[in-house]
Every structure is written in structure tokens, then in C-alpha cells.
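Topology and contacts: notes
Each chain, letter by letter, is given below.
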Amino acid sequence: MVEIPAEVRASRVELQCNESVASAIAGIGRTEDIRFSPNNNCLAIAGFAKNKLLCLKVEIQADARGPSVSAHSFMEITSDGIEDAHGLDFIDDKTLAVANRNADVAIVRLPELWNENCHGTAKVLRRISGPRWRRISSPGSLVVTHSPFAQLRLLVCNNYARRVTEHMVSPLLGYISWKNRPLLREGLHIPDGIAVSPDGRWIAVSSHGTNDVKIFDGSTRLDKRAKPAAVLMNAGYPHGLRFTKDGQFIIVADAGRPTVNVYRGRDGWTGEYPPLKTITVLDEETYLRGRNNPLEGGPKGLDIDKSGRVLAITCEEEPLALFSLQCVLAGSVTSPATPAVIGAALRD
């Protein structure tokens, strides 16, 4: 029997949705990354095995009892630019960068019309691979940041090449990548998740093979020889991760356990950090169903909504689970969460 950490259980937020939405979530198959759109009205999940994205139209509200989340329509997105989709991030509310594990990074545009509960095709605006000597290889997670003069900066985890590459992209020129270079390598072994702090200074990268998260200081000169400024220890098999809005905390999904780890910085991120707390986010039955090897069974994708109220996670056995971020950070102890509507659909 696998021992399930019982320090803290997260407060589950039940997703309010109809049967059609619940069925679409249950049928997404193996998932990887998950992202909220800039306007907070869309939640996109990478359907790795089925070569599609699942986009949910969501509404997030909050009152004295905490956040509530509803999703009453969905769109299943396919495209020539979506194949083995592992990572994704929004450029704007209609445009995404998608990292295809066995191919390249594609910039795709969602359909203009969103009909309730439908299937749509995303238009490929550009494919980015980089020149031969700086080529993207086995892309996993990625993050998009906006740079001066209407430029975009894409940071891409090249999982099995053990590096993070940087790609400067110009939307005004059809999303052409005019600068491509290896950016980070030191201490990375299967970089499997990436996040940038709200102020843009810190770059956090999950290092799956070393069981930790490396944090690099973007205010210094970064290249493949740059050493991490901080290390988040005892992260298990880290995957998705996110900074909180104030930049003080980082939450990291452990793909090998049914937990996420919470870390807190000390006036920035320098030195070594053990987890501040470990939060159980999957029940034992769900975790053990996905426990095919020591690297699997736990959460993979992770994001925080733009209001800073809701933590979302995803994995194959639990395509979508939502939690109160306030309770996660506070470490509120609750009884095991009552399965949400989508949880019931999954078991059926």
C-alpha cells in the first residue's frame, strides 16, 4: 500500500457544470498542462493522447464562503498545429502557443465563434522550431511573456534535450521568431514545467530528474552556464508550477504523489527551500489508478486563475480538480473532499 501524505488536505471547489461539459472533461484522456486565459473566461487543457485541446467557458465568482466556478459550455479544439500537445499558454484570449512533444511549437488561433458544446478547428498562424543548431527538441511546457515594442518571449522546456530555449516572436510580422537561443541548462534534467514571476524577474523550472525546481534570476545575464539562484528541494517528480500573484509563493505539482508542494520565498528567491507544506489534492483511489510507475499517478498540469482565488490541477485520472487557493496557502485541514460533479462522471 502506498502511503498517502496526510499533513493537509485541500478544500475542494466543486465545478458547477451540465452533463455535456462533465462528459467532455471525462473523455479528454491523458492530460498535461492547463491554463486560464488572460480574461479568465476560458480554461484550456492539453489533451495529449487525443491530439486536441479542451476549452471550457468558465465563470469564477467569490463570496464570503469562498470561490465558485461554473462551466456550461465547451469547445474541443483540433488543428494541424496540435499533435501530442504537452504544454500550452495563452498569448491573448484567442491565441495560444502549443508545445507538441514530438514536433514543434505552434501558434494557433481559436475559432472566432464559440457555439455551445461544439468542436472547432484552430488556425495555425506559425510553427516555431528554431534553426538547426538551436532547434526545439521534445518540447514540453512553455510560458509566454510580453516584451517591449509588442514582442513576445517564449520560454520552452526541451524535455529530453535538458534545456530551456528562448524565442523572441513578433506578432506584427506573423509571429515570426527572429531570435532563438538556448537559455538555461545548468542543473536541469528533464525540465517538465516552467513559470515566470509576476514581476518578470524569476524563472522557475521543474527538474524532473533531479526531484527539485531550479529558479534563475532574470535580472542577471542568463545563458546555458548560468547557475540557479535558488533550489526548491524535495519536489518529488515536479511538473506544473505557478507563482502566486504577489510572487511570494510557488506551488508545484508532484506527478509521483497525490500532492502539490507549497514554497515561500524570503524577500526574493535565493538559496535552498524545503516545502513550506505538502497538500493532498487527489484521493487514494484516484491516485492508485494512475500509479503505473513511481513517476505517475499525481497531478501534472497546474495553474492559478487570474483573480488569484482558484488553483486548478489536471492529470489523466483527474482531468480537472479545483481548489480554494486561500485554503491551500493557509493549509486549512478538511475532511477528504466530496467528489465534484466531474468526479462522479469519471467514476461512471
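Residues numbered from 1 in each chain as written. Predicted model: local features only at pLDDT ≥ 70, side-chain atom pairs only at ≥ 80, totals over all residues. Heavy atoms only, no water.

**Digging into the layout of surface pockets**
The test is simple: Cavities and pockets were defined on a 1 Å grid built over protein atoms only: a cavity is a set of grid points that admits a 1.4 Å probe from which the probe cannot escape, a pocket is an open set flanked by protein on both sides within 12 Å along at least five of seven lines, and lining residues are those with an atom within 4 Å of any such point. Grid points are joined across faces, edges and corners, and a volume is the space filled by probe spheres set on the points. For helices the rule is a DSSP run of H or I covering at least 4 residues; for strands it is a run of E covering at least 2, with both sets numbered from the N terminus onward.
Here the largest pocket defines a volume of roughly 650 Å³. For the largest pocket, the lining is made up of 25 residues, of which Val144, Val196, Pro198, Arg242 and Lys306 are closest to its centre. Of all the secondary-structure elements, those providing two or more residues to the lining of the largest pocket are β8 (85-92), β13 (139-147), β17 (191-196), β21 (238-243) and β26 (301-304). By residue number, the principal contributor to the lining of the largest pocket is β13, which donates four residues.

**A short note on the sheet that holds β26**
Heads up, the condition is: A strand pair is defined by DSSP finding two or more bridges across the two strands.
Taken in spatial order, the four strands of this open sheet run β2-β28-β27-β26, and their pairing is antiparallel. The sheet is open, and its two edges are formed by β2 (12-13) and β26, each paired on a single side. Judged from the two bridges that link them, β2 and strand β28 (residues 321-324) form a sheet pairing that is antiparallel. In the strand pairing of β28, Arg12 is matched with Phe323.

**Considerations on the nonpolar core**
Our working rule: Take the buried Ala, Val, Leu, Ile, Met, Phe, Trp, Tyr and Cys residues and link them wherever side-chain atoms come within 4.5 Å; each set so joined is a nonpolar core. Think of it in three bands: with a 1.4 Å probe and only protein chains considered, a residue is buried below 20% of the maximum accessible area for its type, exposed above 50%, and partly exposed in between.
If you look at the biggest cluster of nonpolar residues, it comprises 23 residues, and the most contacted ones within it are Leu15, Leu56, Leu320 and Leu322. Residue assignment for this core shows that the elements contributing at least two residues are β3 (15-17), α1 (19-26), β4 (31-36), β5 (42-47), β6 (52-63), β7 (66-78) and β27 (310-314). Counting residues in each nonpolar core, the second largest holds 18 residues, with Ala46, Ile77, Val108 and Cys118 among its members.

**Re the packing of aromatic side chains**
Rules: In this analysis, rings of Phe, Tyr and Trp, with Trp reduced to its six-membered ring, are considered paired at centre separations within 6.5 Å, and the interplanar angle assigns stacked below 30 degrees, edge-to-face beyond 60, and tilted for intermediate values.
Tallying each qualifying case throughout the model produces two aromatic pairs. An angle of 80° between the planes, with centres 6.2 Å apart, marks the rings of Phe243 and Trp269 as edge-to-face. Of the two residues, Phe243 is situated in strand β21 and Trp269 in the loop between β23 (259-264) and β24 (271-273); the sequence distance between them amounts to 26 residues. For Trp269, a relative accessible area of 2% corresponds to the buried category. Their ring planes at 55° and their centres at 5.2 Å tell us that Trp269 and Tyr273 sit as a pair that is tilted. Both residues of the pair, Trp269 and Tyr273, count as buried. Clustering of aromatic rings is evident, with ring pairs tying together Phe243, Trp269 and Tyr273.

**What to know about empty space enclosed by the protein**
Note the cut-off: Polar here means any residue outside two lists: the nonpolar Ala, Val, Leu, Ile, Met, Phe, Trp, Tyr, Cys and Pro, and the charged Asp, Glu, Lys and Arg; Gly therefore counts as polar.
The final tally for this structure, using the stated rule, is one cavity of 30 Å³ or more. Along the walls of the largest cavity sit Asp33, Arg35, Ser141, Gly193, Ile194, Gly240, Leu241 and Leu302, which together make up its complete lining. Going through the elements one at a time, β4, β17 and β21 are the ones with two or more residues in the lining of the largest cavity. In the lining of the largest cavity, the residues fall into three nonpolar, three polar and two charged.

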